[in-house]
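These are the residues of each chain, in order.
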Amino acid sequence: MTERPVAAARQGSGAAEREGVRTPPLRPGGYEPADYAAVVVRGAREAGVSPLLVMTVLHNEAYKPHHPLLERLWQWWKPGASFGLANMHRATFERVRRTHGLPERWQDLRDDPALAVRSAALHLKDLDRSLPRRHVRRYTRDELLALGYNTGERNMRAFARGVPPGPMARSYLRRFRAHRERAAEALAGGEPRDTVTG
């Protein structure tokens, strides 16, 4: 499968190309989060969150093909659509941008996978700061952060207190748990791991 380098969203912004990040293939079903393992590790370390958490979220968000052209077409049809490998909505990105002083724009997520991963990791860091240290035992901290990524901070805090999630959040959580081992293998370079950490 051949892939082309990412085109910078704005002239003079070649961050993705400098990091060797590739644009996901146009062919539906051809996107594989494992191709971005190095970017995930770098973005997670910078944000101070678990690479396994970020990679598992990417696996959960891989339900649609991620390619700049397709995302532009999708936005034309649905202006409020989410962008990038991590499916980030505009309001969420704007909070992350303001909090962390990012110079990029929300639209740049389409063309810059490294920015999409970094923004997702920073958002997970922000969610982690707002999550109480003590929470119900039925969820791990990473599971609550993933639920927060999917449903928002307020809902995440409610789930941490024991409020049961709705059907869509439960589905997201089931997929998150199912993708955990696959995400760990992606970070290990495709090799199965005996234990999953993070």
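Residues numbered from 1 in each chain as written. Predicted model: local features only at pLDDT ≥ 70, side-chain atom pairs only at ≥ 80, totals over all residues. Heavy atoms only, no water.

Topic: the confidence of the model for the protein
For step 1, the next point in the chain: Of the residues in the protein, 72% have a pLDDT of 70 or more, and the chain-wide mean is 82.
For step 2, the next point in the chain: Scored below 50 in pLDDT, residues 1-18 makes 39 contacts in the model with residues more than four places away or belonging to other chains.
For step 3, the next point in the chain: Counted against residues more than four places away or in other chains, residues 191-198, with its pLDDT under 50, gives 15 contacts. (pLDDT = per-residue confidence, 0-100. Contact = heavy atoms within 4.5 Å.)

Section: the pattern of salt bridges
For step 1, the next point in the chain: Under the definition given, this model contains 8 salt bridges.
For step 2, the next point in the chain: For R105, the salt bridge is made with D108, and the minimal N-O distance between the two is 3.3 Å.
For step 3, the next point in the chain: Judged by its relative accessible area of 37%, R105 is partly exposed.
For step 4, the next point in the chain: Residues D142 and R180 are paired through a salt bridge, measuring 2.8 Å at the closest nitrogen-oxygen approach. Of the two residues, D142 sits in helix α7 (residues 141-151) while R180 sits in helix α9 (residues 167-187), which places them 38 residues apart along the sequence. Taken individually, D142 and R180 each receive the classification buried, so the pair is uniform in this respect. (Salt bridge = Lys/Arg side-chain N within 4 Å of Asp/Glu carboxyl O. Buried < 20%, exposed > 50% of the residue type's maximum accessible area, 1.4 Å probe, protein only. Helix = DSSP H or I, 4+ residues; strand = E, 2+ residues; numbered from the N terminus.)

Here we look at the environment of R154
For step 1, the next point in the chain: On the secondary structure map, R154 appears in helix α8 (residues 153-161).
For step 2, the next point in the chain: Residue R154 is classed as exposed on the basis of its relative accessible area of 74%.
For step 3, the next point in the chain: Taking the C-alpha atoms as reference points, R154 and S130, separated by 24 residues in sequence, lie 9.4 Å from one another.

Looking at the nonpolar core
For step 1, the next point in the chain: Counting residues in each nonpolar core, the largest one holds 49 residues, and the members touching the most others are V54, V57, L109, L124 and Y149.
For step 2, the next point in the chain: Mapped by element, the contributors of at least two residues to this core are α2 (37-47), α3 (51-60), α5 (90-100), α6 (113-130), α7, α8 and α9.
For step 3, the next point in the chain: A total of 9 residues in this core trace back to one element, the largest contributor, which is α6. (Core = buried A, V, L, I, M, F, W, Y, C linked by side-chain atoms within 4.5 Å.)

What about unusual backbone geometry?
Trans is the common state for peptide bonds, and a negative phi is the common state for residues other than glycine.
For step 1, the next point in the chain: Phi at N87 takes a positive value of approximately 50°, unusual for a residue other than glycine.
For step 2, the next point in the chain: Among the structural elements, N87 can be located in the loop between α4 (68-77) and α5.
For step 3, the next point in the chain: Judged by its relative accessible area of 6%, N87 is buried.

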